[in-house]
Amino acid sequence: MASNNVNALRSLDGGDDDTKRKRRAPADKSYCITKELLMTERTFKKDLEVITQSFQNAVNSVMPDYLSHLMFSTLCPIYNFHCNFIRNIEQRIISWEGKYNTPVSPESQKIGNVLLELDTVLPIYRTYLDRLEEMLSELELTLKRNREFEQLYKEFEAEKTCYLPLNTFLLKPGQRLLHYRLILERLLKHYNQDHPDYKNCQEAHSHILEVINLSREKMQKVDNLQKLIELQRDLVGIDSLIHPDREFIREGCLQKFSRKGYQQRMFFLFSDMLIYTSRTATSLLQFKVHGQLPLRGMMVEESDISKVAVANSFTIYGGNKCILVAASSEEEKDKWIEDLNFSISMAKKQTDDRLKYGSIRSTTSSNENVSTTGSSDIDKLGTSPPSPEKQIQHRGNTTMHVCWHRNTSVSMRDHDKAVKNQLSGYLLRKFKTSNGWQKLWVVFTNFCLFFYKTYQDEFPLASLPLLGYAVNIPSEEDKITKDHVFKLQFKNHVYFFRAESEYTFQRWIEVVKCATSSARRLRVFSRMESEQGAEKC
């Protein structure tokens with residue numbers, strides 16, 4: 001019987017040949033949703049292991065007791081719970097499929113009672129959410145005060161296992177609650193109210209929703225804090241970017257006019273100021289700050305097309321400066337003007353001066369050590385960014401660097417959408433010029449696809465940032481004859497991905513579109529409409 005369970009668990013991994021791929025599985029949508037729950041739970045468990053196992057072991061000898069307790073007194077119990085929780089989901093899937101003489105019963109074709117098990121860990125989640133902001137802040141303070149801890153931290157962040165900036169893993173449990181809510185909402189929408197699984201799913205949903213609603217503002221603050229911390233590390237030449245009253249709004253590329261003509265610059269819009277930077281040519285992949293403009297008193301003026309040589313240009317007046325910039329497209333220009341005008345109007349309503357602008361250590365316009373091209377090997381799957389200093393291994397996938405290379409922008413609202421749209425599972429991948437399909441475990445998070453051979457692998461083989469990519473159905477010219485295939489394309493970079501079923505195909509399309517459409521809006525929405533669209537995603 002034990003060997004049967006092992007074989008059954010392996011079967012959940014999916015097969016390597018056509019026979020296994022064609023194995024019949026229950027066609028009911030509730031089964032497909034439950035299978036998605038399992039696939040994403042595997043990724044969540046792996047992400048928890050990065051913090052509670054690998055990171056804790058790496059820094060335990062030098063980590064201050066207070067910080068250790070702050071982090072691991074909640075994260076370790078959460079991890080221990082999910083080790084058992086995922087086994088229960090796996091067993092339910094095995095029973096549902098009726099494999100290896102596992103008896104099939106009406107009880108085995110429900111998942112609500114399993115999801116109700118989350119009730120036992122929700123109080124720990126609430127404590128975790130209450131402490132999360134302090135957790136991030138204390139971690140930053142320790143990095144500044146403790147050189148030995150900082151060194152071990154950077155060495156761990158350089159490991160392949162740490163495929164995202166380390167502090168983003170600390171946010172994963174809060175994000176997972178959002179995923180449980182969405183999974184339960186899809187089940188409730190699918191079920192009739194008299195379905196035997198409806199009551200349990202409804203109860204589980206109400207309990208999770210209660211925790212989310214109580215912590216909604218805290219989670220938004222923490223998401224913003226994590227983004228400010230990420231930017232502080234990558235921006236050279238500005239102090240004190242992190243402030244409790246400062247909100248991140250948008251980051252992206254614009255061409256700025258100077259004595260040497262239009263030059264590529266990276267802009268960062270906050271609730272109180274606009275910063276413009278250029279990429280340094282060093283291997284640290286950082287951005288050098290050239291200037292900042294306060295939002296109070298700022299004006300934005302669209303350029304008269306008949307009077308300027310460059311399309312999609314507009315002028316920003318702020319402080320004692322006037323800068324002329326050009327966006328890569330009309331869509332990009334409209335998004336920047338929309339967010340700038342909204343942020344300026346909000347800044348006018350602030351009557352106090354709690355925010356202090358970070359002092360710029362150097363505002364030189366020299367091109368020394370500045371990269372002025374947007375070329376990169378970021379789209380070459382399987383390659384790593386050049387990095388003699390190992391600690392910047394994952395930085396090439398962060399949104400600021402992807403925006404620089406793709407000449408696009410991303411807003412905090414886009415980040416919020418991306419948090420809700422994370423997915424994991426097996427896909428078959430095919431390049432435009434190849435004939436065969438390669439089976440990969442694919443994780444979609446932080447606007448990026450990460451590719452593994454199997455879900456048990458400790459680190460990804462390669463990654464593909466998706467900002468700027470379009471997702472479509474293959475055309476006749478692509479000569480794709482298989483079912484459930486979607487196409488990802490950015491300029492001449494084309495990839496095909498094949499899902500195992502109609503449901504998973506639709507889910508991948510939905511998730512990738514929702515998290516990448518921000519860079520490809522077909523019309524300009526008002527801010528209110530944009531936020532309503534984000535809620536739907």
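Not measured: the values here are computed from a predicted model. (Residues numbered from 1 in each chain as written. Predicted model: local features only at pLDDT ≥ 70, side-chain atom pairs only at ≥ 80, totals over all residues. Heavy atoms only, no water.)

Bringing the overall build of the protein into the picture now. Helix and strand counts for the protein come out as 15 helices and 17 strands. Surface accessibility of the protein: about 24,900 Å² in total, with carbon and sulfur atoms responsible for 48%. (Helix = DSSP H or I, 4+ residues; strand = E, 2+ residues; numbered from the N terminus. Areas by Shrake-Rupley, 256 points an atom, 1.4 Å probe, with all protein chains shown as cover.)

Our next topic: the environment of V289. Summarising the element assignment, V289 is placed in strand β5 (residues 287–294). V289 sits in the buried class, given a relative accessible area of 0%. Once the C-alpha coordinates of V289 and R265 are considered, the two residues, 24 residues apart in sequence, prove to be 9.8 Å apart. (Buried < 20%, exposed > 50% of the residue type's maximum accessible area, 1.4 Å probe, protein only.)

All right, on to the nonpolar core then. Within the largest apolar cluster, 81 residues are counted, with the highest numbers of intra-cluster contacts made by F55, M71, L115, F149, L170 and L187. No other element matches the 15 residues that helix α4 (residues 65–97) contributes to this core. For this core, the domains that each give at least three residues are domain 1 (29–234) and domain 3 (422–516). Formed by 47 residues, the second largest nonpolar core is a distinct cluster that contains F444, L466, V471 and F486. (Core = buried A, V, L, I, M, F, W, Y, C linked by side-chain atoms within 4.5 Å. Domains from an automatic or database assignment.)

Pairing within the open sheet is antiparallel, and its 7 strands lie in the order β14-β13-β12-β11-β17-β16-β15. Looking at strand neighbours, the two that pair on one side only are β14 (462–465) and β15 (470–472), the edges of this open sheet. Between one strand axis and the next, the sheet turns by 35° as a mean value, whatever way the strands run. Both β15 and strand β16 (residues 485–490) contribute to a ladder of 3 bridges, which runs antiparallel. For N472, the partnering residue across the bridge sits in β16 and is K487. Along the sheet, helix α3 (residues 29–59) makes contact with β11 (423–431) and β12 (438–445), crossing β11 at roughly 90°. On the sheet, helix α14 (residues 502–516) packs against β11, β12, β13 (448–452), β15 and β16 and is oriented at approximately 90° with respect to β11. (Pairing = 2+ DSSP bridges. Axes fitted to C-alpha atoms, helices over the stretch in contact; angles between N-to-C directions. Contact = heavy atoms within 4.5 Å.)

Evaluated as defined, the whole model comprises 24 salt bridges. The salt bridge involving K221 is made with E133; its shortest N-O contact spans 3.7 Å. Here E133 lies in helix α6 (residues 122–145) and K221 lies in helix α10 (residues 198–234), a separation of 88 residues in the sequence. Relative accessible area serves as the criterion here: at 32%, E133 is assigned to the partly exposed category. The salt bridge partner of R246 is D272, with a shortest N-O separation of 2.8 Å. Pair noted here: R246 is in the loop between β1 (235–236) and β2 (248–258) and D272 is in the loop between β3 (261–270) and β4 (273–280), with a separation of 26 residues, a long-range link. (Salt bridge = Lys/Arg side-chain N within 4 Å of Asp/Glu carboxyl O.)

On to the packing of α6 against helix α7 (residues 147–157). One way to put it is that α6 packs onto α7 with a least axis distance of 6 Å and a crossing angle of 110°. The orientation of α6 with respect to α7, classified from their angle, is roughly perpendicular. Residues L139, T142, L143 and R145 of α6 touch α7, and the partners they reach there are R147, F149, E150 and Y153. The class makeup of the residues in the contact of α6 with α7 is 4 nonpolar, 1 polar and 3 charged. (Parallel < 35°, antiparallel > 145°, perpendicular 65-115°, else oblique. Nonpolar A, V, L, I, M, F, W, Y, C, P; charged D, E, K, R; others polar.)

All right, on to the UniProt feature "coiled-coil region" (unreviewed entry) in the protein then. Using the residue numbers shown here, the UniProt feature "coiled-coil region" (unreviewed entry) corresponds to residues 129–159. Split by type, residues 129–159 is 90% helix and 0% strand. Its first and last C-alpha atoms lie 27 Å apart. (UniProt positions renumbered as here; feature names shortened; annotations may be inferred.)

Summed over the entire model, instances satisfying the criterion amount to 0 disulfides. C253 carries a free sulfur, and the closest cysteine sulfur to it, the one in C403, is 7.5 Å from it. (Disulfide = S-S within 2.5 Å.)

Moving on, we come to the confidence of the model for the protein. When the pLDDT values of the protein are averaged, the result is 85; 80% of them are 70 or greater. Scored below 50 in pLDDT, residues 15–23 makes 8 contacts in the model with residues more than four places away or belonging to other chains. Contacts from residues 519–530, a stretch scored under 50 in pLDDT, to residues over four places away or in other chains number 25 contacts. (pLDDT = per-residue confidence, 0-100.)

Attention now goes to the side chain of T315. Its place among the elements puts T315 in strand β7 (residues 313–318). Apart from residues lying up to four places away in sequence, T315 is in contact with M299, V300, E301, S303, C322, I323 and L324.

With that settled, consider α14. The terminal C-alpha atoms of α14 lie 21 Å apart, and with 15 residues this matches the ideal 21 Å at 1.5 Å per residue to within 8%. Those residues of α14 lying buried are Y503, T504, F505, R507, W508, I509, V511, V512, C514, A515 and T516. (Expected span 1.5 Å × (residues − 1).)

What follows concerns unusual backbone geometry. The residue N407 is not glycine, and still its phi comes out positive at about 55°. One can find N407 in the loop between α12 (399–406) and β10 (409–411). Its relative accessible area of 27% is what places N407 among the partly exposed residues. Positioned with a positive phi, K491 is a non-glycine residue whose angle comes to about 55°.

This part covers the pairing of β2. The element β2 is largely enclosed, with a buried count of 8 among its 11 residues. Bridge count between β2 and β3: 10 bridges; the pairing is antiparallel. The residue bridging L254 from the neighbouring strand is R265, located in β3. Remark: 2 residues form the turn of the hairpin made by β2 and β3, two consecutive strands paired antiparallel.

Here the focus is the packing of aromatic side chains. Within the structure shown, the criterion is met by 23 aromatic pairs. Ring plane angle 20° and centroid distance 5.4 Å describe the contact between F81 and F85, whose orientation is recorded as stacked. One end of the pair is F81 and the other is F85, both in helix α4 and 4 residues apart, which spans about a single turn. Here the two residues F81 and F85 agree in accessibility, since each one is buried. An angle of 90° between the planes, with centres 6.2 Å apart, marks the rings of F85 and Y180 as edge-to-face. With a gap of 95 residues between them, F85 in helix α4 and Y180 in helix α9 (residues 172–190) connect regions that are remote in the sequence. Overall, F85 belongs to the buried group, its relative accessible area being 1%. Members of the aromatic cluster, each reached through a chain of ring pairs, are F55, F149, Y153 and F156. One cation-aromatic arrangement involves R406 over F490; the distance from NZ or CZ to the ring centre is 4.9 Å. Positioned above the aromatic ring of Y426, the side-chain terminus of K439 is 4.5 Å from the ring centre. (Phe/Tyr/Trp six-rings, centres within 6.5 Å; stacked < 30°, edge-to-face > 60°. Lys NZ or Arg CZ within 6 Å of the ring centre and 35° of its normal.)

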